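Next come the chains, spelled out residue by residue.
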Amino acid sequence: MPSFTSRTVTSTRHEWIIPAAEPWGAVGAEVGKAWSAAEIAYREHYNLPADRGLADDALRFHVTDDAIVITFTTEEPA
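Given the structure is predicted, the values throughout are model-derived calculations rather than measurements. (Residues numbered from 1 in each chain as written. Predicted model: local features only at pLDDT ≥ 70, side-chain atom pairs only at ≥ 80, totals over all residues. Heavy atoms only, no water.)

Colleague: So what's going on with the overall build of the protein chain? Residues and values would help.
Modeller: When you go through the protein chain residue by residue, the secondary structure sums to one helix and three strands. Ordering the α and β elements of the protein chain from the N terminus gives β-α-β-β. Projected onto the principal axes, the alpha-carbon positions of the protein chain cover approximately 65 × 35 × 20 Å. Per-residue burial over the protein chain gives 23% buried out of 78 residues. A sequence separation of at least 24 residues applies to 63% of the contacts in the protein chain between residues at least 6 apart. Seen as two clouds, the 6 positive and the 12 negative side-chain charges of the protein chain have centres 6 Å apart. (Helix = DSSP H or I, 4+ residues; strand = E, 2+ residues; numbered from the N terminus. Buried < 20%, exposed > 50% of the residue type's maximum accessible area, 1.4 Å probe, protein only. Contact = heavy atoms within 4.5 Å. Lys, Arg positive; Asp, Glu negative; His and termini not counted. Charge placed at Lys NZ, Arg CZ, Asp CG, Glu CD.)

Colleague: Describe the pattern of salt bridges, listing the residues and the values that go with them.
Modeller: Two side chains that carry opposite charge are able to pair once their charged atoms sit near each other. For the structure shown, the criterion picks out three salt bridges. In this structure, Lys 33 and Glu 30 form a salt bridge, with 2.8 Å as the shortest nitrogen-oxygen distance. One end of the pair, Lys 33, and the other, Glu 30, are both in helix 1 (residues 28–46), three residues apart, so they sit about a helical turn from each other. Residue classification places Lys 33 among the exposed positions, given a relative accessible area of 52%. Its relative accessible area of 36% is what places Glu 30 among the partly exposed residues. (Salt bridge = Lys/Arg side-chain N within 4 Å of Asp/Glu carboxyl O.)

Colleague: Give me the lowdown on the pairing of strand 2 (residues 60–63), citing residues and values where you can.
Modeller: Sheet topology places strand 2 next to strand 3 (residues 67–77); four bridges connect them, and they run antiparallel. Note on strand 3: the bridge partner recorded for Phe 61 is Ile 70. (Pairing = 2+ DSSP bridges.)

Colleague: Lay out the nonpolar core with the relevant residues and their values.
Modeller: Counting 13 residues, the largest nonpolar core has Trp 16, Ile 18, Tyr 42, Leu 59 and Ile 70 as the members making the most contacts within it. Sequence-distant contacts of Ile 70, that is, excluding residues within four places in its chain, are made with His 14, Glu 15, Trp 16, Ile 18, Val 31, Ala 34, Trp 35, Ala 38, Leu 59, Arg 60 and Phe 61. (Core = buried A, V, L, I, M, F, W, Y, C linked by side-chain atoms within 4.5 Å.)

Colleague: Please provide a residue-by-residue account of helix 1, values included.
Modeller: Relative to the 27 Å expected for 19 residues at 1.5 Å per residue, helix 1 spans 27 Å between its end C-alpha atoms, a close match to the ideal helical length. The inward-facing, buried residues of helix 1 contact strand 1 (9–19) and strand 3. Backbone geometry just after helix 1 places Asn 47 at a positive phi near 55°. (Expected span 1.5 Å × (residues − 1).)

Colleague: Would you mind going over the side chain of Thr 74 in detail, with residue names and values included?
Modeller: Topologically, Thr 74 is positioned in strand 3. Of the residues examined, Thr 74 reaches a relative accessible area of 2% and is grouped as buried. Dropping the residues within four chain positions of it, Thr 74 is found in contact with Thr 10, Ser 11, Thr 12, His 14, His 45 and Tyr 46.

Right, dumping it as structure tokens:
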């Protein structure tokens with residue numbers, strides 16, 4: 001009899017994309033708006049109250065050639 005199990009997990013990556021084309025880069029206000037929207041979505045997904053701090057690695061910031069992308073990933077059983 002096997003002594004292992006298996007499972008399938010579906011990952012969803014949530015993204016907020018801020019244009020940051022050279023030579024000017026991203027506008028600070030737009031980074032702030034996207035960061036706030038991402039944080040709200042994260043809190044809603046995990047049912048976290050507004051007065052509770054997020055883990056340092058809750059949101060990730062990726063720099064591409066022409067954008068800043070704020071992300072978080074969720075996983076659900078398939």
